[in-house]
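Letter by letter, the chains look like this.
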Amino acid sequence: QVQLVDSGGGLVQAGGSLRLSCVASGSIFSINVMGWYRQAPGKQRELVATITNGGSTNYADSVKGQFTISRGNFKNIVYLQMNSLKPEDTAVYYCNAVTIPAKFYWGQGAQVTVSS
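Here goes a summary of the coordinates provided. Since this is a predicted model, take the numbers as computed values, not measurements.

## As for the overall build of the chain
When you go through the chain residue by residue, the secondary structure sums to 0 helices and 11 strands. Of the regular secondary structure in the chain, the N- to C-terminal order runs β-β-β-β-β-β-β-β-β-β-β. Computed over the C-alpha atoms, the radius of gyration of the chain is 13 Å, within 12% of the 13 Å expected from 2.2 N^0.38 for a compact globule of 116 residues. Dimensions of the chain, computed from C-alpha atoms along their principal axes, come out at roughly 40 × 25 × 20 Å. Taken across its 116 residues, the chain has 47% of its residues classed as buried. Intrachain contacts of the chain at a sequence separation of at least 6 include 52% that bridge at least 24 residues. With the model as given, the accessible surface of the chain reaches about 6,100 Å², and the carbon-plus-sulfur share is 52%. Each charge sign in the chain was given a centre, from 9 positive and 5 negative side chains, and these centres are 9 Å apart.

Put into structure tokens, the structure is as follows:
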């Protein structure tokens, strides 16, 4: 079992920045990939960015060049640096971990609201 706690959401004006953090605990040795997803009101949850144990990253086209995913010194911590935020980035952001064997775990979600 893996537990994820995400934090760092909030209210920010358009053009501002926020950094989300996610701390994994439990069977962290089994984690293969960590990432962030988001879900805006009335929309499906969508991938934002992922990072593998080897450091390879993947981004949704909509956030390339705007968001950066990274891992802390301890690989059970993942960050999402969000710059130049737009109102359309408003959503609940969820930390995600995928283990070996494949199981999906989710954080509780962090609300990000970008005002125009």
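Moving on from the coordinates now.
## Brief notes about the environment of Gln81
Structurally, Gln81 is set in strand S8 (residues 77-82). Residue classification places Gln81 among the partly exposed residues on the basis of a relative accessible area of 26%. The sequence separation of Gln81 and Tyr105 amounts to 24 residues, and the corresponding C-alpha distance is 21 Å. Residues contacting Gln81, with those up to four places away along its chain left out, are Ser17, Leu18, Arg19, Gln66, Phe67 and Thr68.

## Thoughts on the pairing of strand S7 (residues 67-71)
Burial along S7 is one-sided: the face carrying Phe67, Ile69 and Arg71 is buried and the face carrying Thr68 and Ser70 is not. Taken together, the 5 bridges between S7 and S8 define a ladder with antiparallel strand orientation. When the sheet's bridge partners are listed, Ser70 is paired in S8 with Tyr79. Counting the residues in the hairpin turn of S7 and S8 gives 5 residues.

## Focus: the sheet that holds strand S1 (residues 2-7)
Spatially, the 4 strands line up as an open sheet ordered S1-S3-S8-S7, and their pairing is antiparallel. Strands at the two margins of the open sheet, each flanked by one partner only, are S1 and S7. Looking at each pair of strands side by side, their axes are set apart by 15 degrees on average, direction ignored.

## A closer look at the side chain of Thr99
Looking at the secondary structure, you find Thr99 in strand S9 (residues 91-99). Residues in contact with Thr99, not counting those within four places in the same chain, are Val2, Ser30, Ile31, Asn32 and Tyr105.

Procedures and definitions
Residues numbered from 1 in each chain as written. Predicted model: local features only at pLDDT ≥ 70, side-chain atom pairs only at ≥ 80, totals over all residues. Heavy atoms only, no water. Helix = DSSP H or I, 4+ residues; strand = E, 2+ residues; numbered from the N terminus. Rg over C-alpha atoms; globule rule 2.2 N^0.38 Å. Buried < 20%, exposed > 50% of the residue type's maximum accessible area, 1.4 Å probe, protein only. Contact = heavy atoms within 4.5 Å. Areas by Shrake-Rupley, 256 points an atom, 1.4 Å probe, with all protein chains shown as cover. Lys, Arg positive; Asp, Glu negative; His and termini not counted. Charge placed at Lys NZ, Arg CZ, Asp CG, Glu CD. Pairing = 2+ DSSP bridges. Axes fitted to C-alpha atoms, helices over the stretch in contact; angles between N-to-C directions.

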